[in-house]
Structure formats: C-alpha cells, structure tokens
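For reference, the chains in residue letters:
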Amino acid sequence: MAEHLGDRIARLRRLADLTQEGLAERSGISADVVRKLEQRRKHSARLPTLHALANGLGVELTSLLGDPPGVPSNGDAEPPQLVAVRRAIMPPLFAPPAEPTGPEKLSMSLLRREIAEGWTLYHDAEFGRLMETLPGIIADARFAAAVGNADQRAAGQAALGKALQLGGHLAIRLGKTDLALSSLERAMTAAGESSDPLLAPMISNSVAWAYQRQNRLDDAQNLAVYAADGVEREHVGSAEGMRVWGGLLMSAATSYARSGDYDQASGMMLAAEEATERLAKMPPPVDGKMLSIFNRSSVRIERVRLAVQHARPAEALNLARGMRLSRETPPSWRTWLLLDVARAYTDVGDAGGAVKALERLRRVAPAWMRHHTLAVAIVTDLWNGPARPPGLRKLAEFLGVAN
C-alpha cells in the first residue's frame, strides 16, 4: 500500500529537523492539523494546506502527493517505457533526426492525427499506452520539423511543440516535474519557430501547471497572467484564441486559490464562465483536440474543485447540481468532478451521497480510482466514520482499506 500522507509529512519533517510545532509555524497552519495528519486521524488535506506544508518543509508539492502508480521515486531504475520517453524528449547529443516510425510518406495530417490520438490517451488516463506510443510521435514530429521548405518546417515545428507539450503533461502526471519542464522548454523553442501563434501561450499554461506542482505559485500565477494578457490583446476574436485565453485565466485563478486568495480566484473564474457564453456563439475551431480545454463545463468543474479545496462543500454541491457536461469534456475532467463531489458530500456529513458519487466514479474509471490517493483517503474517512451506508464496504474492499 502507498505511504500515508501523514507518514510522508513526519518523515520529511524529521529530515528538516523540525518539531510538529515548528513545521506548523513555518507553514502558517495549525499544529493540530500537523498532529492529526501524522497520527492518521486525517487522511487527506486540502491543496492550499499541502502547498503551505511543502513551503514549510522546503520540498516540492509532489513530495507530499506520493508516487503515481508504476513510477517509483525511491531510487529504483525507471521502467523502460519511461526511459524511452525521456530519450525521445532529450535525444542524444549530435544525433540526426530519427526516421519516421509510421508509413514511408509521413503527411502532416497523419502526424496531427497521431498527436490528437496521444492527447486522447492522456485524457483517458491511459498513461501506460501513451508511454509506449509517445516516443514514436515525438520522433515523427522532430523529423517533420527538419525537412521540407520553410512553410513545411514551420508546420513541423508546430507539431513538434504540441508533441513535446504532451510529453510535458505526461511527465507531470508521472511525478517527473523536472523532465516535464525540460520537455516544455523544448516545446516553447519549437513554438517560436512554428506557424502557430497560439502554441506558445498554450505551452505557457502547461509550464504554469508544472510550476504549481513545484509549489512555485507566484511563478505560475505571473506566467499565466502574462500569457493571458497577450492572447487577450490579439486573439480573442476567434474560438481558438478564446479557448487558449480562457485556459490561462483558469490557470491563474487556480494559483491564486492555492495561495489562499479564494476571492480573487472566484472572481476570475466567474469572468471565465461569462466568457464561455461568448465562445458558444463563435464558429467552432477546426481542430479542437489540439487546443486548450475551455467551455462552460470545464469552468464549472474547476469552480467545484476550488470550492471543495477551500472548505466550501455546500457551495461546491450547489455548483455541481444539475450540471450538464459538454461532449468535449474529457473523461479525466469527469472523474475529477465525481471525486470532488464525493469529497463535498463527505465534508457536509452526507456519507450516502459520497458513496453514490464514488460508485459512479468506480463505474466510469475503476483503474484511475484505484490509484488515486484522494479517492483512497475519502473512502478511508468514510470507513472510519460513524455510519457505513450501503455500498461502502465494496468500495473499501476495492481500494484495500477495509478492515
């Protein structure tokens, strides 16, 4: 079983030579919270609290979130699939571009379809399959960026930037934030040589997310705001530009929220939701899979998440009630919504409502749920609570937390 959050905090606190009271003072949180976490009386903490603890301990946020499944950070050798991804992102020095991995004649339409399929795997949380296919996608894109006339190379650079952005996202999900930033820096270089003026701000959004995972909230916030301002000046007249701008605005709001400024974050999210009404009246983008996710559903899902993280469960449930999800909403966002709704029901003392949300989550994403630390924490809290509603035992057995 994965290391408990409280055990990780205690281990890192001792390495930092801090008492529980000393960690609480450096983090700006209650010593009682530290004690309850370390004594396993609390099985999870809200993201603002985790960011504060990471600051107090002097570690990245990922050190508290634990390892994703299958990718240990305990000194063991990385699995071959991840080594192949790393090599694709950072090829050997002076090596020529690899030949295409697909048909002899690599067309730009085929390459873009490969990248779109890779993003679909990512949003479906099929990280194992993505690790197998991503090296070939990056190799194909790198080849396309190096051959042909100037226009063809610029289109190839756009594809390479998008493939490397995908590599950055995968690395973040695998807990490899340094690899993620290496991939995203290379993606930004490709964007500068590409034919897509929206690619650099989209990659900026990804970099901001990586900064959030490293607990660099000010850097994440400043980058998202700067990139959003640039897009707003020149590109919000199109659906493509509006989606990129909206994604950046949501990213900035998340950084404000995790820094403790919920009011500023809430105001920005309301502005984003209003913008989705303008977006709905615009002609749809030609290739939406290659753009930032931004629509009324995604904004509302993020508003639910921020409300849950800031101890506003009734507000979260009210926002989620009657929500109709867009067909463009990826499965990963749907699963996050169900998890946040379950957490909100738990926080208001409605164990039955929490179990129903978790049962739906298990039906739509069983593998994702089994490996998600927050899902395990919620079920553990419910199992140790005063009432065990119907269905809870099956969930507890499924996640390995039943006595």
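The following refers to the structure shown. (Residues numbered from 1 in each chain as written. Predicted model: local features only at pLDDT ≥ 70, side-chain atom pairs only at ≥ 80, totals over all residues. Heavy atoms only, no water.)

## So, the pattern of salt bridges
Reasoning step 1: As enumerated under the stated definition, the model contains 13 salt bridges in all.
Reasoning step 2: Residue Glu38 pairs with Arg13 through a salt bridge whose shortest N-O separation is 2.7 Å. Taken together, the residues span a long stretch of sequence, with Glu38 in helix H3 (residues 31-38) and Arg13 in helix H1 (residues 5-15) at a distance of 25 residues. Arg13 carries the same exposure label as Glu38, and that label is buried.
Reasoning step 3: In this structure, Arg393 engages Glu397 in a salt bridge whose closest nitrogen and oxygen atoms are separated by 3.7 Å. Of the two residues, Arg393 and Glu397 both sit in helix H21 (residues 392-399), four residues apart, roughly one turn of that helix. (Salt bridge = Lys/Arg side-chain N within 4 Å of Asp/Glu carboxyl O. Helix = DSSP H or I, 4+ residues; strand = E, 2+ residues; numbered from the N terminus. Buried < 20%, exposed > 50% of the residue type's maximum accessible area, 1.4 Å probe, protein only.)

## Focus on helix H15 (residues 296-309)
Since the α-helix packs 3.6 residues into each turn, any two residues three or four apart lie on the same face.
Reasoning step 1: For H15, with 14 residues, the first-to-last C-alpha span of 20 Å sits near the 20 Å given by 1.5 Å per residue.
Reasoning step 2: Most of H15 is tucked away, with 13 of its 14 residues classed as buried.
Reasoning step 3: The residue sitting at the N-terminus of H15 and contributing the capping side-chain oxygen is Asn295; that oxygen lies 3.0 Å from the backbone nitrogen of Ser297.
Reasoning step 4: Ala311, located one to two residues past H15, shows a positive phi value of around 55°. (Expected span 1.5 Å × (residues − 1). Polar contact = N/O pair within 3.5 Å; in protein donor to acceptor, adjacent residues only side chain to side chain.)

## Digging into unusual backbone geometry
Reasoning step 1: Of note, Asn215 is a non-glycine position whose phi angle comes to about 70°, a positive value.
Reasoning step 2: Within the element layout of this structure, Asn215 appears in the loop between helix H11 (199-213) and helix H12 (217-234).
Reasoning step 3: Given the relative accessible area of 10%, Asn215 is considered buried.
Reasoning step 4: One non-glycine residue with positive phi stands out, namely Ala311, at about 55°.

## Regarding empty space enclosed by the protein
Reasoning step 1: Inspection of the entire model under this criterion finds one cavity of 30 Å³ or more.
Reasoning step 2: By volume, the largest cavity amounts to about 50 Å³.
Reasoning step 3: Every residue lining the largest cavity is listed: Tyr262, Ala265, Ser266, Met269, Arg303, Leu306, Glu315 and Leu319.
Reasoning step 4: Elements that contribute at least two residues to the lining of the largest cavity include exactly helix H14 (262-280), H15 and helix H16 (313-320).
Reasoning step 5: The element best represented in the lining of the largest cavity is H14, accounting for four residues. (1 Å grid on protein atoms, 1.4 Å probe; cavity = no way out; pocket = protein on both sides within 12 Å on 5 of 7 lines; lining within 4 Å. Points joined across faces, edges and corners; volume = space filled by probe spheres on them.)

## Topic: the packing of helix H7 (residues 108-123) against helix H9 (residues 150-173)
Reasoning step 1: H9 packs onto H7 with a crossing angle of 15° between their chain directions and a minimal axis gap of 10 Å. With respect to each other, H7 and H9 are oriented roughly parallel. Note on packing geometry: the crossing formed by H7 with H9 is left-handed. Between H7 and H9, the contacting residues are Met108, Leu111, Ile115, Gly118, Trp119 and Tyr122 on the first element and Ala155, Gly156, Ala159, Lys162, Ala163, Gln165, Leu166, His169, Leu170 and Arg173 on the second.
Reasoning step 2: Partitioned by chemical class, the residues of the contact of H7 with H9 number 10 nonpolar, four polar and two charged. (Axes fitted to C-alpha atoms, helices over the stretch in contact; angles between N-to-C directions. Parallel < 35°, antiparallel > 145°, perpendicular 65-115°, else oblique. Left-handed = near helix turned anticlockwise from the far one by under 90°. Contact = heavy atoms within 4.5 Å. Nonpolar A, V, L, I, M, F, W, Y, C, P; charged D, E, K, R; others polar.)

## A closer look at the side chain of Thr380
Reasoning step 1: On the secondary structure map, Thr380 appears in helix H20 (residues 373-383).
Reasoning step 2: By relative accessible area, Thr380 is classed as buried at 15%.

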